[in-house]
Every structure is written in structure tokens, then in C-alpha cells.
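# Observations on the model geometry
Read off the chains here:
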Amino acid sequence: MRLLVLGGTEFVGRAVSDEALTRGWRVTVFNRGRQESPHGAVRLRGDRTAADGLSALAEGEWDIVVDTWTGAPSAVRDAARLLAERAGHYAYVSSRSVYRHPVPAGLPEDGPLVDASPDDGEVDYARAKRGGELAATAAFGDRALVARAGLILGPRENIGRLPWWLNRIARGGPVLAPGPQDLPLQYIDARDLAGWVLDAAERGLGGAFNTVSPSGQSTMGELLENCVRVTGSDAELRWTGPEPILAAGVEPWSDLPIWVPPGELHEALHAGDVAKATGAGLRCRPVAETVADTWHWLRELGGPPPQRPDRRPVGLDPDREARILRG
């Protein structure tokens, strides 16, 4: 298979490139050249935000294109239009953020969506992803696959959620562990997302799929206990209910990554309907494997983990954590 990855060097895009290369596919990556490309991939350079930024894609044919773009939908529109007659399938990695709030538990792919346009410039994340979906579908029709991911974890994460927990727990001592301990989580390992996207595109699947694990694939307790185990830390998880955490002004999802208390936001982020994707072959590895492999990657880095410049770093300040634990 001939694969073109628009991006292909960071987190999900890199997972797609690595998986395809492992399969023996012929991989081309197109990006600005700011990160090291996967060994064995053909490298094309360009800036999708520039007037002539797609010139390197003026020639060439591919069986599958994978696009992980999170910016202006017009960039997806321009790339998809350019490639529509020279590529067989276009897989766009979107997000479950495209659903209009409030998002009830168990919402399937035909739920209400935010208003957006494929011609939009820089807009908020939800509109950007929905506009990208519309752009891909307008150019490729039923040859467009839309993977609506949710929380994405795993090696090479550049948001910092699981890396923050691992590094915090590795420091040891009392750790503010947000409860309830059995709070269900819904996420996907970037490598499982990559594998499913390539499988689905190769099979010619089109349309939208919620591509995360079934709700309850893991729990907050299981996630943090695995962090303690793989780091070999003496950390003591101090399980604390949502009420005192919220009363202290702690922001769910950002100050304490991954965690959101039970309620409307938890239903939106951790209780989606994934029957369509699992019916189409989506399988998710155990959380223990994701945690262990992410810790192994962090130790190999020899420095701080990568951080996307368009995202604010996550995590709770140590002094604030200590004050909350003292009560």
C-alpha cells in the first residue's frame, strides 16, 4: 500500500507512519520538517498555511491519505481537493469534540454536531475538527473515513496528560488521587487508533466512527495504580472525593489530567457509544501496556517530554497539591 501522511512525525501521525512502515507499506510524510521523520519514509516538505505550501504534493499517487490536522479547516479542504483524483481513500483524524453540547452518555455518530464550514480559517477546536470532516467528505465522498477520537494516550504524547501523572508519581510521596477510584475512563492508545485507521481505510470504510475504547476500558484507580507499579515509586495514592478537590479551585482535565468528576462533562468525555467502531474491528490494548510503554519512552527521552506549542501545559503545582493534601 502507498500511504501519504499529512504530518507523520508527532504522536498520532507518527504512530500511523510507524505502523504502516512495520506493515511494509510505502510511506510518504508531508510536513514542515521541524521534527525527525520516521526512518524509511519518503519526506516531502511544505507548509499548509502558506499560499504555495502544497506544491510538493502536486505530483504523486497514493492508496490512502491520513490527515491529523487540527487547525483551519480550509487547510484540509485545499489538501483534499488537490489529492482527490490521485488518492484512493482519505482518513481524517477528528474528535468527539464535534458533538454539540450537552453530550449525553451513549451518544452515537449521528448525534447533533457543531456548526462549521470547510472554508473556515482559524476557529475553535470543535469547529476546526468539524470543518475538517466536512472538507474531507466534500472532496472524497464515501471514500472519506472520519475517525472521531477522544482522549488519546500512549508513547510520544505531546499534550502531557499521562506523562504528567507518570512523572508526578515517580517523584513519590503522597499523591492527590482524584476519585472516585472506580471512575470509568474512555480513551485510546495512539497505536490502536493508528492500526484501526489503516485497517479501515484499506478495507474502504467511509463515514464517521467514534474511535475510543468502550467506556470503562479502565478506571482512574487502575490507571494510577499502574503508574505506581511501572515507576517503582514509593508514592502513596491519597484518594480524595471530587468535592474537596473542586472546592480548592482545582480544574478537572487540566490541573489533574484525564480526570473529570462524575456528571455532564464526564458523560461527554468518557461515556460515548463506540459500537460502530468495535463492530468494524477496533480493539484496545490494556491500560497496563499503555502506561508501561509510555514510561519506557519517557525514560529513553533523557529530557522533558514534547509539548505542543498550541496547548497549555497540564498538571497541578506541587505546592497547591501539598496544601490540598494537608486539608
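Anything mentioned here points back to the structure above.
Right, let's walk through the structure included here.

Criteria and thresholds
- Residues numbered from 1 in each chain as written.
- Predicted model: local features only at pLDDT ≥ 70, side-chain atom pairs only at ≥ 80, totals over all residues.
- Heavy atoms only, no water.
- Pairing = 2+ DSSP bridges.
- Helix = DSSP H or I, 4+ residues; strand = E, 2+ residues; numbered from the N terminus.
- Axes fitted to C-alpha atoms, helices over the stretch in contact; angles between N-to-C directions.
- Contact = heavy atoms within 4.5 Å.
- Parallel < 35°, antiparallel > 145°, perpendicular 65-115°, else oblique.
- Left-handed = near helix turned anticlockwise from the far one by under 90°.
- Nonpolar A, V, L, I, M, F, W, Y, C, P; charged D, E, K, R; others polar.
- Disulfide = S-S within 2.5 Å.
- Buried < 20%, exposed > 50% of the residue type's maximum accessible area, 1.4 Å probe, protein only.
- Salt bridge = Lys/Arg side-chain N within 4 Å of Asp/Glu carboxyl O.
- Polar contact = N/O pair within 3.5 Å; in protein donor to acceptor, adjacent residues only side chain to side chain.
- Phe/Tyr/Trp six-rings, centres within 6.5 Å; stacked < 30°, edge-to-face > 60°.
- Lys NZ or Arg CZ within 6 Å of the ring centre and 35° of its normal.
- 1 Å grid on protein atoms, 1.4 Å probe; cavity = no way out; pocket = protein on both sides within 12 Å on 5 of 7 lines; lining within 4 Å.
- Points joined across faces, edges and corners; volume = space filled by probe spheres on them.

Let us now look at the sheet that holds strand β4 (residues 62-67). By way of backbone hydrogen bonds, the strands of a sheet pair with one another, either parallel or antiparallel. Taken in spatial order, the seven strands make up an open sheet running β3-β2-β1-β4-β5-β6-β11, and their pairing is parallel. Two strands bound the open sheet, and with one partner strand each, they are β3 (42-45) and β11 (207-211). Going from strand to strand, the sheet's axes swing by 20 degrees on average, the running direction of each strand aside. Bridge analysis of strand β2 (residues 26-31) against β3 gives four bridges, and the strand direction is parallel. Within the sheet, the bridge partner assigned to Val29 lies in β3 and is Arg43. Relative to the sheet, helix α3 (residues 125-140) contacts β5 (87-95) and β6 (144-149), its axis offset from that of β5 by approximately 165 degrees. Across the sheet, helix α5 (residues 190-202) touches β1 (2-6), β4, β5, β6 and β11, and the angle it forms with β6 is around 160 degrees.

On to the packing of helix α2 (residues 73-83) against α3, then. Orientation of α2 relative to α3, taken along the N-to-C sense of each, is 15 degrees, at an axis distance of 8 Å. Classed by the angle they form, the pair α2 and α3 counts as roughly parallel. The hand of the α2/α3 crossing is right-handed. Note on element contacts: α3 touches α2 through Arg127, Ala128, Gly131, Gly132, Ala135, Ala136, Ala139 and Phe140, opposite Pro73, Val76, Arg77, Ala80, Arg81 and Leu83. For the contact of α2 with α3, a count of residues per class yields nine nonpolar, two polar and three charged.

This part is about the state of the cysteines. Summed over all chains, the structure comprises zero disulfides. In this structure Cys227 is not part of a disulfide, and its nearest cysteine sulfur, from Cys284, lies 18 Å away. Overall, Cys284 belongs to the partly exposed group, its relative accessible area being 22%.

This part covers the pattern of salt bridges. Summed over the entire model, instances satisfying the criterion amount to 20 salt bridges. A salt bridge links Asp67 to Arg48; the shortest N-O distance between them is 2.8 Å. Here Asp67 is found in strand β4, whereas its partner Arg48 is found in the loop between β3 and β4, with 19 residues between them in sequence. You can call Asp67 buried: its relative accessible area is 0%.

Here we come to unusual backbone geometry. Cis rather than trans, the peptide bond between His101 and Pro102 has omega equal to 0 degrees. Among the structural elements, Pro102 can be located in the loop between β5 and α3. Of note, the bond from Gly179 into Pro180 is cis; its omega dihedral lies within 30 degrees of zero at 5 degrees. For Phe11, which is not a glycine, the phi torsion comes out positive at approximately 35 degrees. Of note in the backbone geometry, Arg156 takes a positive phi value of approximately 75 degrees without being a glycine. When its relative accessible area of 32% is taken as the criterion, Arg156 is described as partly exposed.

Of all 11 residues that make up helix α4 (residues 161-171), eight are buried, and the element is covered over most of its length. If you check which residues of α4 are buried, you get Arg161, Leu162, Pro163, Trp164, Trp165, Leu166, Arg168 and Ile169. The positive-phi residue at the C-terminal boundary of α4 is Gly172, with phi of around 80 degrees.

Another point: helix α11 (residues 318-326). Between the side-chain oxygen at the start of α11 and the backbone nitrogen of Asp319 there is a gap of 3.0 Å, and the oxygen is on Asp317. Immediately downstream of α11, the backbone of Gly327 shows phi near 75 degrees, a positive value.

What follows deals with the packing of aromatic side chains. Going through the model one piece at a time under the given rule, you end up with three aromatic pairs. Plain terms: the ring middles of Tyr90 and Phe140 are 5.0 Å apart, the flat faces sit at 40 degrees to each other, and that makes the pair tilted. Of the two residues, Tyr90 sits in strand β5 while Phe140 sits in helix α3, which places them 50 residues apart along the sequence. Comparing Tyr90 with Phe140, the two get one shared label, buried. Between Trp164 and Trp165, the ring centres sit 4.9 Å apart and the planes meet at 75 degrees, which makes this aromatic pair edge-to-face. Trp165 carries the same exposure label as Trp164, and that label is buried. Residue placement shows Lys276 over the ring face of Phe209; its charged tip is 4.4 Å from the ring centre.

This part covers the layout of surface pockets. In this structure, the second largest pocket encloses a volume near 190 Å³. For the second largest pocket, the full set of lining residues is Thr9, Glu10, Phe11, Arg14, Gln35, Glu36, Arg156, Asn158, Trp297, Leu301 and Pro306. Counting only elements with at least two residues in the lining of the second largest pocket, the list comes to α1 (11-22) and α10 (287-301). Classifying every residue of the lining of the second largest pocket by side-chain character gives four nonpolar, three polar and four charged.

Note that all results are geometric; they support no functional claim without further evidence.
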